[in-house]
Amino acid sequence: MAERDPDQIITIQQHIIEQQRKHPTASGEFSWLLSGITLAASIIQAKVRRAGLINILGETDTDNVHGERQQKLDIFANQIIERCLAFRGNVGVLGSEELPEPIIVHSREGHGKYVVLFDPLDGSGNIDVNVSVGTIFSIYERVTSGPITDGGLKDVLQPGVNQLAAGYIVYGSSTVMAYTTGDGVHLFTLDPATGSFMLADEHVRIPENGKIYSVNEANFDSFPKGVQDWIHWARTKEAGPFTSRYIGSMVADVHRTLIKGGVFMYPATAKSPKGKLRLMYEANPMAFIIEQAGGLATDGKNRIMERVPTELHERTPLFIGGKHEVTAIMERLARG
Ligand code: AHM
Ligand code: MG
């Protein structure tokens, strides 16, 4: 790929259009869909930035002065994404962490051909303490055609390898967005002055041999033995040594892992025997991003993106990050 002039300013819209030009048969519908997600992200970040003020101004989760129910931020984020995508005309099914069942989108043109799965505000438990939160999304093409008859489940329950695109937005000290359509991972930073996501880095690669592990160590005693063994090893002098970082917002922990390397994990625990994180809108999109950056994402045994889902809210253990670290943990797990 030709080197870009570093002085060139590229917005996410331009970038998506450029990506689309690489596919001569592309209709432009897909770019239209992605731009719905960036619009939602801009609106959500503005609301997240005012979260503290909203409390100071005395608004609660009771009715506001207009007689409207004051919403929690994750419900707000969910509604914004629904509203930004449902009217694009090309989305057939939406699935969200906040919704028990998929939503079938009825548009004037008939059922759209895309499926979008999302976690509207990952890590929302951290908002009260001003820690980064984010939005995660995953896009598929429907596998059925014509009217959607089974509540959208056939179209939703696809393995991650079928994803057309995935990405996340972190509402941190700045707002950053990462996306992939299978041609590398591209990073953008929101310029609050213009409201545009500006290209910050293209074809990002996860550093090899990162020396950070990220896990909720309070659960250590109930981790599988292989995970305990690897952590014991990582704490030794010979290992590197590693340092530990755990934000408690997966989206922010994985973003750090993408930039700095190392491994983020949420193994099975006594409290969450199947793992805590959700396969379809947390693990799969992050797996697509990290694999496209040269890393790995597994459930300890198998590649996350090859798991065949059986339900929208299915949980999975997750080991995601640099190849060396994830492979080493899997080897220890295999030893039992
Ligand atoms: P959420 O989507 O309801 O916010 O829950 C998922 C979050 C992840 O962002 C994070 O990695 C994990 O829960 C933290 O869990 P724990 O507090 O058990 O460490
Ligand atoms: Mg989440």
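Residues numbered from 1 in each chain as written. Chains lettered and ligands numbered in written order. Predicted model: local features only at pLDDT ≥ 70, side-chain atom pairs only at ≥ 80, totals over all residues. Heavy atoms only, no water.

**A closer look at the packing of aromatic side chains**
Stated precisely, the cut-off is as follows: Pairing of aromatic side chains requires ring centres within 6.5 Å, counting the rings of Phe and Tyr and the six-membered ring of Trp. Pairs whose planes differ by under 30 degrees are stacked, by over 60 edge-to-face, and all others tilted. Exposed residues in this analysis have more than 50% of their type's maximum accessible area, buried residues have under 20%, and partly exposed residues fall in between, with area computed by a 1.4 Å probe over protein chains only. Counting from the N terminus, the helices are the DSSP runs of H or I reaching at least four residues and the strands are the DSSP runs of E reaching at least two.
Under the criterion given, the structure shown has eight aromatic pairs. Ring plane angle 25° and centroid distance 5.8 Å describe the contact between Tyr 179 and Phe 188, whose orientation is recorded as stacked. Accessibility assignment for this pair places Tyr 179 and Phe 188 in one class, buried. When the centroid spacing of 5.3 Å and the interplanar angle of 80° are considered together, the rings of Trp 230 and Phe 242 count as edge-to-face. Residue Trp 230 is located in helix α6 (residues 225-234), and its partner Phe 242 is located in the loop between α6 and β10 (243-244); the two are separated by 12 residues in the primary sequence.

**A word on the pattern of salt bridges**
Defined as follows: Any Lys or Arg side-chain nitrogen located within 4 Å of an Asp or Glu carboxyl oxygen qualifies as a salt bridge.
Considering all chains together, one arrives at 10 salt bridges under this definition. Notably, a salt bridge pairs Glu 97 with Arg 278, separated by 3.4 Å at the nearest N-O pair. Here Glu 97 is found in the loop between β1 (91-96) and β2 (103-104), whereas its partner Arg 278 is found in strand β12 (residues 277-278), with 181 residues between them in sequence. The class for Arg 278 is buried, based on a relative accessible area of 13%. A salt bridge links Arg 142 to Asp 155; its shortest N-O distance comes to 3.1 Å.

**Regarding the domain arrangement of the protein chain**
Applied cut-off: The split into domains, and so the bounds of each, comes from an automatic or database assignment of domains. In what follows, residue pairs with any heavy atoms lying within 4.5 Å of each other are defined as contacts. A 1.4 Å probe defines the accessible area here, and the buried area is the portion of it lost by two parts on being joined, summed over both. Contacts described as polar in this section are N or O atom pairs within 3.5 Å, which, within protein, must combine one atom able to donate a hydrogen with one able to accept it, while residues neighboring in sequence count only if both atoms come from side chains.
Examined at the domain level, the protein chain breaks down into domain 1 (12-201) and domain 2 (212-335). For domain 1 versus domain 2, the distance between C-alpha centres works out to 24 Å. Each side of the interface is counted separately: domain 1 has 46 residues, and domain 2 has 29 residues. Regarding the contact of domain 1 and domain 2, the summed buried area is about 2600 Å², with carbon and sulfur atoms giving 69% of it. When the area that domain 1 buries against domain 2 is broken down by residue, the three leading residues are Ile 136, Leu 157 and Tyr 168, summing to 21%. For the pair domain 1 and domain 2, the number of links is one salt bridge. In this structure, the connection of domain 1 to domain 2 is made through 14 residue pairs in polar contact (both at pLDDT 80 or more). Breaking the side of domain 1 that touches domain 2 down by element, the ones donating at least two residues are β1, β3 (114-122), β4 (133-141), β5 (165-171), β6 (175-180) and β7 (185-191). Broken down by element, the side of domain 1 that touches domain 2 gets its largest block of residues, seven residues, from β4.

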